[in-house]
Every structure is written in structure tokens, then in C-alpha cells.
Protein chains: 2
Amino acid sequence: MSVTIKDIARLAGVSHTTVSRALNDSPLINEKTKDRIRAIAEEMDYTPNFSAKSLVLDRSYNLGLFFTTLSKGTSAGFFYDAIRGVNSVIQDRYQLIVKGIDDYTSFHSITRKSFDGIIVVSQSDEDQPLIDHAADKGIPLVVLNRPVDTVGVLNVLSDEEQGAFQATSYLIRQGHRNMALIEGRVGFKSAQNRKEGFERALAHHGITLKPSHRFPGLYDLESGYKAMQQFLMLEDRPTAVFCCNDEMALGAMKAISEAGLQVPGDISVIGFDDTVFAAYVTPALTTVRRPIEQISKEGAIRLLGNIENKQYATEQVLLKTELIVRESVHPLQLTGEEG
Amino acid sequence: MSVTIKDIARLAGVSHTTVSRALNDSPLINEKTKDRIRAIAEEMDYTPNFSAKSLVLDRSYNLGLFFTTLSKGTSAGFFYDAIRGVNSVIQDRYQLIVKGIDDYTSFHSITRKSFDGIIVVSQSDEDQPLIDHAADKGIPLVVLNRPVDTVGVLNVLSDEEQGAFQATSYLIRQGHRNMALIEGRVGFKSAQNRKEGFERALAHHGITLKPSHRFPGLYDLESGYKAMQQFLMLEDRPTAVFCCNDEMALGAMKAISEAGLQVPGDISVIGFDDTVFAAYVTPALTTVRRPIEQISKEGAIRLLGNIENKQYATEQVLLKTELIVRESVHPLQLTGEEG
DNA sequence: ATGACTATTGTTAACGTGTGCATAACATGG
DNA sequence: CCATGTTATGCACACGTTAACAATAGTCAT
């Protein structure tokens, strides 16, 4: 079996208590004794048993990273960036446990004992029961990516409504009036925020959107493709399409080129997220950058602070989005009565 | 504090042993007693303390999912598919702990106590020390995506050499002779396998590749772009380019279109992986599909079997790749002396 | 009625670690 | 020389769970 502090104690001719203290660098122990014990531990290749530590210290050394779902509707880039961001912060102090919220049939097993803290990358209101559960159990908690007002819960996100507003305003400044909207997945908060930013920009300029010019997408390539096919059959075909993410924008561009039309010559396309491939499709996609990795880093840092200081600071951190202008939007020649 | 079996025992008027047995559905306990205890446990919202269980049962309920790196060189789609595949298998029996191997400064903390099993999604020979360490410690282990011959280690992967061979043969059948190769990241086994498949196909047809017609890529969009820029400056510009993954293929296509040339009219491009966006770029990318999600599922299933049956079956499972023909390869008019 | 057997429950120790309290050795000050 | 303080260590218990080994009561066959 594996080496324990008792084995070390026997070899060093001290009590296991002394070994425990020595290895935890307690000031109670003589420096020479510490060194001797450390040397023996090293030589015996001692590794602390984390189950035992957890039991007595009441800490699991686990951090939960929960996504709304691991199956559909989460884009790979988003997922990857989020994990990378968190991982870069926690180093080897914690184990990172990745879960899909929709994998749980019951939250019963989620307790203070099993998680020292939880990071919820929330895409939907439907995550609220989990968030409430965790908050209720008193587990330190940070919610990323979606605004939340549960008390005692940290919240880090980007201002997507504002980003969509900016992007749409840009389309309008380029002369577009007849626009279309490919929405995100129903129930996803981001879908709603982006839609609202889009609509606010239209309203701001007194433009109205016909029901025929909106389509409920699923955040995937295929739904963007299908949406665009619909738009292409309209009599008053839009001159510009706002897509609620880059994947759908790519799908839309595919439909346009298959119809023998050009982006942006015939139709302008704008995306959201600034996925890695956005700069490399042809034409390069104009889109809104959202600092996912930064959000998750920021969230992880604050969560760790919260866990270790035991001070529950509720605050919402709002990071800026940024419009990245590339080639997929074309200025429109205005036909006359323009103000 | 939280409810323990002793609390339940007190309320039920039995010993805590009886409660433990009842909740584990031991045949030793009277059915009526079991029901009564279960009811009380339910009502008190009892959750077992996993640290305590782990300590006495010598099982951590943790499964490690290790990637070569979480920083650079792992594509988002690959990462996402791998996690999804494993996650779909383990359900709620284990916690999935995601790690980058290059995050470790020492493997010291990786023991039988901390992981019931480990899945290594290995992209490089440099992972070997970790694999050896885990095998040495007797941790049930499965290595995905890279061939490995350590004894007692499960191994699931796809035959990438064969996939590359097929894809290249297809290019040759379409009449291409002047080809170029954008290689994968140095040190990544997949890069080597794909290159070898490519070279075998060339050798099979007596075609030689000039040094100027190969470029070491990094598996990312940018390196594909740069590689293609190099090729475009050559006097004997290739008519077809084999890219070791789809990202680099997309980068290459970008460079081609920026140079005012057409894919596949002027230059044919072929990729590898069949990433989600491959079908949606324009032109749609011809590529080799690799069943990543299936590989990870298969690996996870076998690993769980191994953990639970304690039978160490060493076997290598090789899954097939598949050539997906789309639009990015054009048949070449042959100029005469062809056999 | 006695011993053996079965069904059910309890007693006690164990897993590996950390900690409050006691203890011993030794120094310090008056 | 004694009271007090300081430093270094050990003892015993605790954390929540499982399991080997009693123990008890009831049943059955002889």
C-alpha cells in the first residue's frame, strides 16, 4: 500500500502528529526536525491522501465548472475558451470538474462537501434552479455569461446587448435599412440580449422589422443556413443580416453563395463572438468580440478570493464587447431621401 | 452542519451501522427497517460524505481526462468532442476532472488514491512520461488518439495514416501530380501519421515531393495561411494542397482567395478531421472524417469495464476514418503522357 | 428442551489526517 | 532556588463511513 505519515513517523522516530505538522510547515516544529522529516517523506515518495485531508479539513479541493449543456447549443470555441481561462487561474490548487447541468437529474449530490466552489457558465434561465440550490447550500459561487441577481453570487459577463446595439448601428450607418435577424437559441439569455440590442438600434433610428425578417436559430451552422434560405425567397430581400453568432453567420454566407449571390456585394452579413475562424473565412467576417477567456479568468480569480477569504462580495462585473470590422459588410448606396 | 448517518441512526433508534447498510441496500437488513431508514434519510435531506467513503473504500470516484495541452495546438472542436464523448458514458458515477498534462510540474500527486482511472487524449510522444507514471502506479488507463505499446494500457484510436493515404490517393486519381503538404505541429503523433500516409500514397505512384512543397504548420488557421502564401510564390505552384487539418485548410483557402485565385478552380485543397464548419465554408471542404466522439466513448466504456472488473485487458482498438468528398478538389485535365 | 441454524442488529475498529490539550525539557528572572 | 515562560513533542480524539466480528432473538429439528 501507499506511504502514510505514520510510516514516516516510525522511520523518523517521532509521532505522526509531528510528521503532520512538519509537512505542513507548522511553526511549532523545530527546523531541524522538519528537514529530517521532509527528507524521509521525499525519499519514501509520500503523497498525502486527499480523501483523509478532505474529511478532516472539510474541504474537497474540487472546483465545479458547470455548463448549461454539453450536448447541443454550446459552441466548441466557447467551451474551450471557458475551460482554458479557468484552468489557467486555478493551477494545481484545485481539481477542475466539468459538468453539464442538464446531466443532473437531481442536485442532491451538490453540497459544500463535494465542491469548494462552483463556476456556472450560464446560457439560460433554466440554470436558475442549480444556481439557487448552490447559493442555498452556501457554496461559493460565480455565474458567468448571464446576468443574475441572486444574493451573494458573483457575476461576471460581457455587455452583449450593447455589443449588438453597436453592430446594428454600424449596419445602419453603412446605409442599410432593410435588415434581417437570425436569432439565437430560444431560452438562451445571450440570444435575448443580442436580439434586444439589435432591436434597440432599429428603434433608435425609427426602423421597423417585419416578422418575415426574423428567424429563430439554434446557434449552429445549419440553422443559419436554413434561415438565410428563407430570407432569400422573400420579395423584399434584406440587404444586411444580423446573425446572433458566427456559426450561424457562416451558415448564412453559405446559403448566399449557393444562391449565386455575393457577400457583401449583394448582402452584408454580421456575426457575433469573433470565433477563431471569423478572420479566415472569405470574406472575413465582421463581428462582435466577446472576451470569454477573460470573463472566465476574472470569474475564477474572484471565486478563489471568495473561497479563501470567506468574504462574500456580491458584485457584477461587466466587461466590454468590441466591434471588429472586417469585410462582410458593404456600404449601401442610398437612393435619395436620406436624413 | 450537514446530516450524517449517525444523525439518522439516532432518529431511527438504531445503530449507524444499520443505517449504512440500509442505505447501501444490504441484504442483511430487514426490508421494513430499510424503508423506514430511507424515509428518514430522504426527509433529512441526507447526502453521503464522499471524502469519508473514499477514505474507507479506497476509491476516489474521480476520472482524469488529460490532454497534452490546454493552451496551444489542441483545436476547440477536438477538445469539445472528446469531453462530450467521455461525459456521455460516465453519467453521474464519476466526476470528470479535466487537466492539461503540461500544467503539471510533477506527477507526484497522480496516484491510485486520487484517480480511479485516467483517460489520456494523447497528441504527442511527450505524454509518455505521464503514461508511464500512471501505468507504474497501477492506475487503470486508456490512451486515446495515439498508438502506445505500454503493457496493460488500453488504446483506442483511428487509423490516420490510412485516412491520409486515401485522401492523397483521391487527389492523385483526380489527376494531380504537383502537390504540396502543410504538416501538423511538430511532435504531435497525428502530424507524423498523416504525413506518412500522404508520403506513402505518393511513393505508391512514384511521385516525389520537393522540399519546397512542404511546410511545417501548427494546426492553426494562421499557419495554414502562411504556408499557402509560401506555396503561392513558387514557380511550379502546386495544383493541390494536402492540409493536415481543417483549420490549416481554411487558412490556406484564405490565402488563395486573397491572391485572386479560386478553390478548386486554380488550386485544390483537402483537409483532415471534418470539423463542424468544413461543410459550410465555400467551397465546402473535402476532408477525412475522424470519429473523435466515438473514440472517446469507446475508450471511456472500456476504461470503466477495466476499473470495475479489475481485469486488465490490453488491446488496441482501431477505428476507421472516412473520406468525405465535397467541393474543394477539382479534377485536373491531364496533358498527355498519362498511364 | 437443547443445540444448531438463521435473520437481524450492534460493537468496535479501521481508513489517514489534523488539532486541543497535556507534558517535558530547558531557559529566564528575581 | 523556585516560579514562570518558552519551545518542542506526544496523546487522544475527531472527521463520516464501512466491515469484521460479536450478540441477540427466534425457529426448527431432534
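As recorded in an unreviewed UniProt entry, chain A goes by the name LacI family DNA-binding transcriptional regulator, listed as coming from Paenibacillus sedimenti.

Thoughts on the sheet that holds strand β8 (residues 240–243) of chain A
Residues and elements named next belong to chain A. Overall, parallel pairing links the four strands, which are arranged β7-β6-β8-β9 in an open sheet. The sheet terminates laterally at β7 (214–216) and β9 (268–270), the two strands that pair on one side only. Neighbour-to-neighbour, the strand axes of the sheet open up by a mean angle of 15°, direction not taken into account. By the bridge criterion, four bridges tie strand β6 (residues 179–183) to β8 in an arrangement that is parallel. Of the residues in β8, the one forming a bridge with M179 is A240. Of the strands in this sheet, β6, β8 and β9 touch helix α10 (residues 246–258), which is tilted by about 165° from β9.

Side note on the protein's contact with DNA strand D
Near DNA strand D there are 28 residues, and of these T18(A), I5(B), T17(B), S20(B) and Y46(B) occur at the shortest range. Across the atoms of DNA strand D situated within 4 Å of the protein, the share located in sugar and phosphate is 64%. Measuring from a phosphate oxygen of DNA strand D, one finds a backbone N or O atom of N30(A) at 3.2 Å. For DNA strand D, a phosphate oxygen lies 2.8 Å from a polar atom in the backbone of I5(B). Secondary-structure elements contributing two or more residues to the surface near DNA strand D are α2 (16–23) and α4 (50–57) of chain A together with α1 (5–12), α2 (16–23) and α4 (50–57) of chain B. In terms of residue class, the surface near DNA strand D is built from eleven nonpolar, 13 polar and four charged.

Examining the protein's contact with DNA strand C
What surrounds DNA strand C is a group of 28 residues, the closest being S20(A), Y46(A), S15(B), T18(B) and R21(B). Close to the protein, within 4 Å, the atoms of DNA strand C are drawn from sugar and phosphate at a rate of 57%. Interatomic distance of 2.8 Å between a backbone N/O atom of I5(A) and a phosphate oxygen of DNA strand C. Between DNA strand C and the protein, one listed contact pairs a phosphate oxygen with a side-chain N or O atom of N24(A) at 3.1 Å. Counting residues per element, the ones that place at least two in the surface near DNA strand C are α1 (5–12), α2 and α4 of chain A together with α2 and α4 of chain B. For the surface near DNA strand C, the residue count by class is eleven nonpolar, 13 polar and four charged.

Comments concerning the packing of aromatic side chains
All told, the structure shown has 20 aromatic pairs over all chains when counted by the stated rule. Between Y104(A) and F107(A) the ring centres are 5.9 Å apart and the planes differ by 70°, which places this aromatic pair in the edge-to-face class. Given the relative accessible area of 15%, Y104(A) is considered buried. Pairing F67(B) with F79(B) gives two aromatic rings, centres 4.7 Å apart and planes at 50°, and the pair type is tilted. Separated by twelve residues along the polypeptide, F67(B) in strand β1 (residues 62–67) and F79(B) in helix α5 (residues 76–90) bring together distant segments of the chain.

A look at the relation of the copies chain A and chain B
Between chain A and chain B, which share one sequence, the superposing operator has a rotation angle of 180° and an axial displacement of 0.0 Å; the RMSD is 0.1 Å. Here the transformation between the copies is reduced to the relation of a two-fold axis. In this assembly the copies share their binding face: 100% of the residues contributing to the interface of chain A also contribute to that of chain B.

Some details on the sheet that holds strand β9 (residues 268–270) of chain B
Residue and element names in this part refer to chain B. Reading across from one edge, β7-β6-β8-β9 is the order of the four strands in this open sheet, with parallel pairing throughout. Each edge of the open sheet is held by one strand with a lone partner, namely β7 (214–216) and β9. Each strand axis lies, on average, 15° off the axis of its neighbour in the sheet, ignoring direction. In the sheet, strand β8 (residues 240–243) pairs with β9 via three bridges, with the strands oriented parallel. Of the residues in β9, the one forming a bridge with F242 is I270.

Quick word on the domain arrangement of chain A
Here the domain parsing of chain A yields domain 1 (5–47), domain 2 (62–158 + 291–320) and domain 3 (160–290 + 324–334). Spacing between the C-alpha centres of domain 1 of chain A and domain 2 of chain A amounts to 38 Å.

Thoughts on the pattern of salt bridges
Residues and elements named next belong to chain B. Throughout the structure, instances matching the rule amount to 52 salt bridges over all chains. Where R146 meets D125, a salt bridge forms, and the shortest distance between an N and an O atom there is 2.8 Å. Remark: D125 occurs in the loop between β3 (117–121) and α6 (128–136) and R146 occurs in the loop between β4 (141–144) and β5 (154–158); sequence separation between them is 21 residues. On the accessibility criterion, R146 (2% relative accessible area) is buried. Look at D125 and you get partly exposed, because its relative accessible area is 43%. A salt bridge links R289 to D274; its shortest N-O distance comes to 2.8 Å.

Quick word on the environment of I118(A)
Residues and elements named next belong to chain A. Within the secondary structure layout, I118 lies in strand β3 (residues 117–121). Expressed as a C-alpha distance, the spacing of I118 and R38, which sit 80 residues apart in the sequence, is 34 Å. With residues up to four places along the chain from it excluded, the contact list for I118 reads G64, F66, I110, A134, I139, P140, L141, V142 and L303.

Notes on the packing of α4(A) against α4(B)
One way to put it is that α4(A) packs onto α4(B) with a least axis distance of 8 Å and a crossing angle of 140°. The interaxial crossing formed by α4(A) with α4(B) has left-handed handedness. Facing S51(A), A52(A), S54(A) and L55(A) of α4(A), the residues of α4(B) in contact are S51(B), A52(B), S54(B) and L55(B). Its residues assigned to classes, the contact of α4(A) with α4(B) shows four nonpolar, four polar and no charged.

A look at the environment of F272(A)
Residues and elements named next belong to chain A. With respect to the helices, strands and loops of the structure, F272 is situated in the loop between β9 and β10 (287–289). In sequence terms F272 and A249 are 23 residues apart; their C-alpha atoms lie 8.3 Å from each other. Those residues in contact with F272 that lie beyond four places of it in its chain are E160, G163, A164, R194, F242, C243, C244, N245, D246, T287, V288 and R290.

Examining the UniProt feature "domain: HTH lacI-type" (unreviewed entry) in chain A
The sites that UniProt annotates as "domain: HTH lacI-type" (unreviewed entry) are residues 3–57 of chain A. Annotated as 67% helix and 0% strand, the span residues 3–57 of chain A places its first and last C-alpha atoms 20 Å apart.

A look at a nonpolar patch on the surface
Taken together, the side chains of L55(A), V56(A), L57(A), L55(B), V56(B) and L57(B) present a nonpolar region at the surface, about 560 Å² in accessible area. If you list the elements that add at least two residues to the nonpolar patch, you get α4 of chain A together with α4 of chain B. Relative to the helices and strands, V56(B) is located in helix α4.

Rules behind the numbers
Every chain's residues receive numbers from 1 upward, in the order its sequence appears when written. Going through the entries in the order they are written, you letter the chains from A and number the ligands from 1. Confidence filtering applies because this is a predicted model: local features only for residues at pLDDT of at least 70, side-chain atom pairs given and counted only at 80 or more, and all residues used for totals across whole chains, interfaces and linings. Heavy atoms from the whole structure form the basis of all side-chain values; hydrogens and water molecules are not counted. Should DSSP find at least two bridges between two strands, the strands are taken to pair. Only runs of H or I of at least four residues qualify as helices and only runs of E of at least two qualify as strands under DSSP, and these elements are numbered from the N terminus. Only the stretch in contact is used when a helix axis is fitted, and all axes are lines through C-alpha atoms; the angle between N-to-C directions ranges over 0 to 180 degrees. Throughout, a contact is declared for two residues whenever any of their heavy atoms are within 4.5 Å. When at least one non-hydrogen atom of a residue lies within 4 Å of a molecule or strand, that residue is treated as near it. Under the rule applied, a polar contact is a pair of N or O atoms within 3.5 Å (in protein, one hydrogen donor and one hydrogen acceptor; residues adjacent in sequence only if both atoms are side-chain atoms). Under the scheme applied, nonpolar residues are Ala, Val, Leu, Ile, Met, Phe, Trp, Tyr, Cys and Pro; charged residues are Asp, Glu, Lys and Arg; polar residues are all the others, including Gly. Ring pairs shown here join Phe, Tyr and Trp side chains whose ring centres sit within 6.5 Å, with only the six-membered ring taken for Trp; geometry is labelled stacked below 30 degrees between planes, edge-to-face above 60, and tilted in between. A 1.4 Å probe rolled over the protein chains alone gives each residue an accessible area, and that area as a share of the maximum for its type sets the label: buried under 20%, exposed over 50%, partly exposed in between. The fit set for superposing copies consists of C-alpha atoms from residues with pLDDT of at least 70 in both; the fit itself is least squares. Note that the domain bounds were set by an automatic or database domain assignment. For salt bridges, the criterion is a side-chain nitrogen of Lys or Arg within 4 Å of an Asp or Glu carboxyl oxygen. With the far helix as reference, a near helix turned anticlockwise by less than a right angle produces a left-handed crossing, and one turned clockwise produces a right-handed crossing. UniProt positions are given in the numbering used here, feature names are shortened, and annotations may be inferred rather than shown by experiment. To count toward a patch, a residue needs a relative accessible area over 30% and no salt bridge; like charges are then connected within 9 Å, while nonpolar side chains (Val, Leu, Ile, Met, Phe, Trp, Tyr) are connected within 5 Å. Per-residue and other accessible areas follow the Shrake-Rupley method at a 1.4 Å probe size, with only the shown protein chains counted as cover for residues.

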